[in-house]
Amino acid sequence: MQMMSRQRLLSMEFALPVFFLILTTIYLAAAFTIRAQISEPFWQGPRAIPIVASVMMYALLLFVLVRQFRTSNTKAQPGEILRPVWVVVATGVYIYVFEPLGYGLSTLLYVFALFFIFEFRTRQPLAFVIYALVVTAVFYILYAVIFGVRLPELFGVI
């Protein structure tokens, strides 16, 4: 029983969330070193988004780890192991094209990629597109309107 438990803890299902916990902790520590040039309320300062993102990431990773402890030790589907790799690749591409393509197009393509990776509404093309547009719009409203972050634009429009 103890050997089985140790193998589960060393498996990819646990190692990947623990790795992301470490990265999130480094990211959060770096967020606290950001200094505003003028005195601003927290929600308008440059630290707000990284700190909120870190707290959300901690909550999600905690959820994933608790779920992993509760599930049985079943074999993962072949595509399940590659999903984290595809998410990292999609995120890297998103970061690379964010500035030249602007927020709207790059984020929409990124959301399409994530939906495709996790097979969200892929058999319903209209719903797939509508949900991706809604997610892109919600994050635009969050960052540009509520937090006042200047986002890159494509051709000065999107």
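In this text the structure is predicted, and so the values were computed from the model without any measurement.

S.K.: Tell me about the overall build of the chain, and name the residues and values.
M.R.: Looking only at helices and strands, one finds 5 helices and 0 strands in the chain. Listed N to C, the secondary structure of the chain is α-α-α-α-α in terms of helices and strands. Expressed as a percentage of its 158 residues, the buried residues of the chain come to 23%. The long-range fraction of contacts in the chain, counting pairs at least 24 apart against all pairs at least 6 apart in sequence, stands at 56%.

S.K.: Account for the nonpolar core, naming residues and giving values.
M.R.: Within the largest apolar cluster, 6 residues are counted, these being Ala-90, Tyr-94, Tyr-103, Tyr-110, Ile-117 and Leu-151. Once you skip the residues sitting within four places of it in the chain, Ala-90 turns out to touch Tyr-110, Ala-113 and Ile-117. Counting residues in hydrophobic clusters, the runner-up holds 5 residues, among them Leu-108, Val-111, Phe-115 and Ala-132.

S.K.: Lay out helix 3 (residues 48-70) with the relevant residues and their values.
M.R.: The end-to-end C-alpha separation of helix 3 is 33 Å, in line with the 33 Å expected for 23 residues at 1.5 Å each. Taken residue by residue, helix 3 has Ala-48, Pro-50, Ile-51, Ser-54, Leu-61, Leu-65 and Gln-68 as its buried positions.

S.K.: Pulling in residues and values, what's your account of helix 5 (residues 125-146)?
M.R.: The first and last C-alpha atoms of helix 5 sit 30 Å apart over 22 residues, in line with the 32 Å expected at 1.5 Å per residue. Those residues of helix 5 not exposed but buried are Ala-127, Phe-128, Ala-132 and Thr-136. In the stretch just after helix 5, Gly-148 is the one whose phi turns positive, near 70°.

S.K.: Report on the side chain of Thr-107, specifying residues and quantitative values.
M.R.: Mapped onto the fold, Thr-107 is located in helix 4 (residues 78-117). Here the side chain of Thr-107 touches Tyr-94 through a polar contact of 2.7 Å, side chain to side chain. If we ignore the near neighbours within four places in the chain, the residues touching Thr-107 are Tyr-94, Phe-98 and Thr-136.

S.K.: Tell me about the packing of aromatic side chains, and please be specific about residues and values.
M.R.: Considering all chains together, one arrives at 8 aromatic pairs under this definition. Look at Phe-115 and Phe-128: their rings are 5.9 Å apart centre to centre, the planes differ by 70°, and that puts the pair in the edge-to-face class. Of the two residues, Phe-115 sits in helix 4 while Phe-128 sits in helix 5, which places them 13 residues apart along the sequence. You'll find Phe-115 and Phe-128 in the same group, each marked buried.

S.K.: Pulling in residues and values, what's your account of the confidence of the model for the chain?
M.R.: Taken as a whole, the chain shows an average pLDDT of 76; of its residues, 76% reach a score of 70 or greater. Ranking the helices and strands of the chain by mean pLDDT puts helix 5 first, with 87, and helix 1 (residues 2-9) last, with 50.

S.K.: Tell me about the UniProt feature "transmembrane region" (unreviewed entry) in the chain, residues and numbers included.
M.R.: Residues given the UniProt feature "transmembrane region" (unreviewed entry) here are residues 47-69, 81-97, 103-120 and 127-149. The span residues 47-69 is 96% helical and 0% strand by assignment, and the distance between its end C-alpha atoms comes to 33 Å. Annotation note: span residues 103-120, helix share 83%, strand share 0%, distance between end C-alpha atoms 22 Å.

S.K.: Could you give an account of unusual backbone geometry, with specific residues and numbers?
M.R.: Here Arg-121, not a glycine, exhibits a phi torsion of approximately 60°, which is positive. Among the secondary structure elements, Arg-121 is positioned in the loop between helix 4 and helix 5. On the accessibility criterion, Arg-121 (33% relative accessible area) is partly exposed.

S.K.: Would you mind going over the side chain of Ser-54 in detail, with residue names and values included?
M.R.: With respect to the helices and strands, Ser-54 occurs in helix 3. Ignoring anything within four residues of it in the chain, the contact list for Ser-54 reads Thr-24, Tyr-27 and Leu-28.

Calculation notes
- Residues numbered from 1 in each chain as written.
- Predicted model: local features only at pLDDT ≥ 70, side-chain atom pairs only at ≥ 80, totals over all residues.
- Heavy atoms only, no water.
- Helix = DSSP H or I, 4+ residues; strand = E, 2+ residues; numbered from the N terminus.
- Buried < 20%, exposed > 50% of the residue type's maximum accessible area, 1.4 Å probe, protein only.
- Contact = heavy atoms within 4.5 Å.
- Core = buried A, V, L, I, M, F, W, Y, C linked by side-chain atoms within 4.5 Å.
- Expected span 1.5 Å × (residues − 1).
- Polar contact = N/O pair within 3.5 Å; in protein donor to acceptor, adjacent residues only side chain to side chain.
- Phe/Tyr/Trp six-rings, centres within 6.5 Å; stacked < 30°, edge-to-face > 60°.
- pLDDT = per-residue confidence, 0-100.
- UniProt positions renumbered as here; feature names shortened; annotations may be inferred.

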